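This is what each chain is made of:
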Amino acid sequence: MRLTYIVDRGAKYVLLLTALLSLLVVFLIGIFTLREGWPAFTKIGLGELLSGSVWRPQMDRFGLWPMLAGSAMVTLGAVVLGVPLSLMAAIFMAETAPSGVRNIVRPAIELLAGIPSVVYGLFGLVVLVPMVRQIPVAGNQGFGILAASIVLAVMILPTVTNISEDAIRSVPREYKEGSLALGTTHWQTIVGVILPSARSGIIAGVILGIGRALGETMAMIMVIGNSIIPPRPLDSNPLTIVLSTARTLTGNIAVEISYATGLQEDALFATGVVLFLMIILVNSAARLLMRGKRNG
Amino acid sequence: MRRFAFVALLVLAVVVAGCTTGTPTAAPTQAASEATSAPAKQEATSAPDESGTTISVAGSTTVQPLAEKLATAYRAIHPNVEVTVQGGGSSVGVKSAAQGTADIGAASREVKQSELDEFPNLNVITIARDGIAIVAHPDVAVDDLTIEQVQDIFSGKITNWSEVGGADSLITVVSREEGSGTRGAFEEMVMGEEALIAGTAILQQSNGAVRTTIATTPNSIAYLSFGYLDDSVKTIKVGGVAPTEENAANGSYSIVRPLNMLTSGEPQGAVKAWLEYILSPEGQETVVAEGYLRVN
């Protein structure tokens, strides 16, 4: 009897320790990145690092503003292109799909999540970039924010669709039944009752998709051009800013880390710290929203 | 339970922190170069016998195909010696050789004084010389450029092909990343002290990627190692001189740089034998056959 008691208590502690271990790993990664990047914060200064618009390490200029702008624009583009698509896919699978179609579409979307990002980059490089290059704007090289946004939109599709579908499914049946009983059509119910109720879950899904988009590296390096200037419109039409080449924060680290030494290496770790903080913010926001949804 | 969890976390943190102090800054540079260099095979530099030795070469993508051909030729004579060749760029080559993560570091430029100051153990052996050609997309109509025009195009002063006698279209500049030896040599010999390569340039991470980009991007221009020239890109004469091996050998084509192999300290054992082979008449024959220039 004593042995079973010991095993019972012991197992609980072992599980606790393994959970603490994963917590420790996250903590250590954060501390390590912060420690390596700290000289960059002290020597370059937070202001110059975040708002400086010139990144030329050979001339001791370390301004991350072009990369911040690049990451932000690409993520925004991915959300603008990908979220409506994901939402419609989620509504389709939760509400209107016949079960046979749903059984084909869902594995297909989940397969999208499993494709390695370098394959997405290859697809973007070989198919999307020449297609974007067809747009008749002078200075359009195909590489740039538009191609990168399209690739990212496809990459965040599984995340956002999955969570949105769960949110839609967890809307209580009574809401739907009540609405239909009052004489509304299915579509009116979806738009007027189900989507508003699932709103916080859907937003949580979008925010997680944003987190995924912010962290994407390999596919971005291959299609965005990696130029070191902030994105700018190519001619008098401000919309052509989406055809500008750019560089993301993640791409900045990946392109330069293999040969960086000294202060440049510290600056790249500082970029990592910035990314880390952005992801923490994004994930916390998503968790808060999802908890709200479950209670309310 | 909660107090136990807290104490356990503290103990784990202290234990792990104790294990990591002592290698604060060596660890990230090591990790960074290990991520991109061949795995270290320290035995190769000290074991004089050749039974199953491996020599790891890392660095310049210009030297990479030449090193692979030299490895194949050497294996015909010494079948027990295996040479693994990786890219990453010249600065990676310098770092890998100095830190011992590769047996031989390959660089397609002169080693900088700052690198010699930082790594005084570096031993430099020039195995060949290589020309850098100016290449453009096959449809570009321009055949000849002066050095000043090349400088102005790459620095962004000249932006349209019509300014140098071509069609009226914007020039797309493609360049290597900052750590590239090809770029370093190009900047030193063509751009000079003041002019910088334009921030709007598209960056690619290897000679091969540059070639593919030029071959598929209309109105593009880049610099490319002689060893990577093929029919998919068009070469442009500089000051009336065509980028051929004869012109580089007789001195009329001036954009030529050394291809260096670097070791930490004097080379030993199998590494020394291979390097001596490369500098021998048979090795230099292979160098010339691959489109590079001999050193003796």
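The shown structure was predicted, so the numbers you read here are calculated from the model rather than taken from an experiment.

Engineer: Before we move on, can you summarise the overall build of chain B with the specific residues and values?
Structural biologist: What chain B contains, in helices and strands, is 12 helices and 10 strands. Counting all 296 residues of chain B, 44% fall into the buried class. Here the contacts in chain B between residues at least 6 apart in sequence split such that 75% fall between residues at least 24 apart.

Engineer: Requested: an account of the interface of chain A and chain B, with residues and values cited.
Structural biologist: Taken together, the contact between chain A and chain B spans 26 residues of the former and 28 residues of the latter. Those elements that place two or more of their residues in the side of chain A that touches chain B are helix H1 (2-44) and helix H11 (249-256) of chain A. Sorting elements by how many residues they give to the side of chain A that touches chain B places H1(A) first, with six residues. Taken together, the residues of the side of chain A that touches chain B break down into 13 nonpolar, 10 polar and three charged.

Engineer: Which residues make up the domain arrangement of chain B, and what values go with them?
Structural biologist: All names here are of chain B. Domain boundaries in chain B define domain 1 (53-129 + 258-289) and domain 2 (131-256). The straight-line distance from the C-alpha centre of domain 1 to that of domain 2 is 26 Å. The partner domain 2 presents 13 residues to the 14 residues of domain 1 that form the contact. At the level of elements, helix H4 (63-77) and helix H5 (90-99) are the ones that each hand at least two residues to the side of domain 1 that touches domain 2. With three residues, H5 is the single largest residue contributor to the side of domain 1 that touches domain 2.

Engineer: How would you sum up the pairing of strand E9 (residues 234-238) of chain B? Please name residues and give values.
Structural biologist: Residue and element names in this part refer to chain B. Where burial is concerned, the two faces of E9 differ: the one with Lys234, Ile236 and Val238 is buried and the one with Thr235 and Lys237 is not. Across two bridges, strand E5 (residues 144-145) lies against E9 in parallel orientation. The residue bridging Leu145 from the neighbouring strand is Val238, located in E9.

Cut-off values and rules
Residues numbered from 1 in each chain as written. Chains lettered and ligands numbered in written order. Predicted model: local features only at pLDDT ≥ 70, side-chain atom pairs only at ≥ 80, totals over all residues. Helix = DSSP H or I, 4+ residues; strand = E, 2+ residues; numbered from the N terminus. Buried ≥ 20, exposed ≤ 12 C-beta atoms within 10 Å, placed from the backbone. Contact = placed C-beta atoms within 7 Å. Nonpolar A, V, L, I, M, F, W, Y, C, P; charged D, E, K, R; others polar. Domains from an automatic or database assignment. Pairing = 2+ DSSP bridges.

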